Amino acid sequence: MHSSMLPLQKIKRTRVLFARSPKNFKAYSGRALAYEGLAEWEKAVLDYTRALEQVQLSTGSIDPYIANSRGNAFSSLGRYSEALQDYLLSLQVLIIIFF
């Protein structure tokens, strides 16, 4: 099986999830991860951003793991200032959670 087949399958499966629940932040995050697997960093950033927006609307908080993942995607694009902002955001949320 070609290495890009699994990410492509995951991207196709998200269509069903979005049809059922267009605000599903887990689907956005999963699709963003699939885009990372294909080195489609801009698409990953867009989906991680949507996931962060939806999780905040759904739960009232930020998911530190999604913020960190978006930071990784920004870093892969060479957008280091934005990556650092997401890493710091993730760290701030984790400090609140664990301390």
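Residues numbered from 1 in each chain as written. Predicted model: local features only at pLDDT ≥ 70, side-chain atom pairs only at ≥ 80, totals over all residues. Heavy atoms only, no water.

A. Region of the structure containing the side chain of D86. Considering the arrangement of structural elements, one finds D86 in helix α5 (residues 80-98). Those residues in contact with D86, other than ones at most four positions away along the chain, are A67, R70, G71 and F74. (Helix = DSSP H or I, 4+ residues; strand = E, 2+ residues; numbered from the N terminus. Contact = heavy atoms within 4.5 Å.)

B. Looking closely at the nonpolar core. The biggest cluster of nonpolar side chains holds 17 residues, and the ones touching the most others in it are Y48 and I66. Within the residue set of this core, elements represented by two or more residues are α2 (25-37), α3 (41-59), α4 (64-76) and α5. Among the elements that take part in this core, α3 stands out by supplying six residues, more than any other. Ignoring sequence-local partners within four residues, the contact set of Y48 consists of S29, A32, L33, E36, I66, S69, R70 and A73. (Core = buried A, V, L, I, M, F, W, Y, C linked by side-chain atoms within 4.5 Å. Buried < 20%, exposed > 50% of the residue type's maximum accessible area, 1.4 Å probe, protein only.)

C. The arrangement of the environment of A44 in detail. Among the secondary structure elements, A44 is positioned in helix α3. For A44, a relative accessible area of 0% translates into the label buried. Between the C-alpha atom of A44 and that of L33, which follows or precedes it by 11 residues, the distance is 6.7 Å. With residues near it in sequence (within four places) discarded, A44 still touches A32, Y35, E36 and A73.

D. Just the pattern of salt bridges, in detail. All chains considered together, the criterion is met by six salt bridges. Across the salt bridge formed by E42 and R79, the nearest N and O atoms sit 3.4 Å from each other. In this pair, E42 sits in helix α3 while R79 sits in the loop between α4 and α5, placing the two residues 37 residues apart along the sequence. Of the residues examined, R79 reaches a relative accessible area of 27% and is grouped as partly exposed. (Salt bridge = Lys/Arg side-chain N within 4 Å of Asp/Glu carboxyl O.)

E. Looking closely at a nonpolar patch on the surface. Judged by side-chain polarity, Y65, L84, L88, L91, I95, I97, F98 and F99 come together as a nonpolar surface patch covering roughly 940 Å² of accessible area. Take the nonpolar patch: its biggest share by element is six residues, from α5. Following the sequence through the fold, F98 ends up in helix α5. (Patch = residues over 30% accessible without salt bridge, like charges linked within 9 Å, V, L, I, M, F, W, Y side chains within 5 Å. Areas by Shrake-Rupley, 256 points an atom, 1.4 Å probe, with all protein chains shown as cover.)

F. Spatial organisation of the confidence of the model for the protein. Scored by pLDDT, the protein comes out at a mean of 87, with 79% of its residues at no less than 70. Averaged over each element, pLDDT in the protein is lowest for helix α1 (residues 5-20) (63) and highest for α4 (98). (pLDDT = per-residue confidence, 0-100.)

G. The arrangement of the packing of α2 against α3 in detail. Axis separation between α2 and α3 bottoms out at 8 Å; the angle between their running directions is 165°. Comparing the axis directions of α2 and α3 gives the class roughly antiparallel. Considering the relative orientation of α2 and α3, their crossing is left-handed. In contact with F25, Y28, S29, R31, A32, L33, Y35 and E36 of α2, α3 contributes W41, K43, A44, D47, Y48, R50, A51, Q54, V55 and S58. Tallied by class, residues from the contact of α2 with α3 come to 10 nonpolar, three polar and five charged. (Axes fitted to C-alpha atoms, helices over the stretch in contact; angles between N-to-C directions. Parallel < 35°, antiparallel > 145°, perpendicular 65-115°, else oblique. Left-handed = near helix turned anticlockwise from the far one by under 90°. Nonpolar A, V, L, I, M, F, W, Y, C, P; charged D, E, K, R; others polar.)

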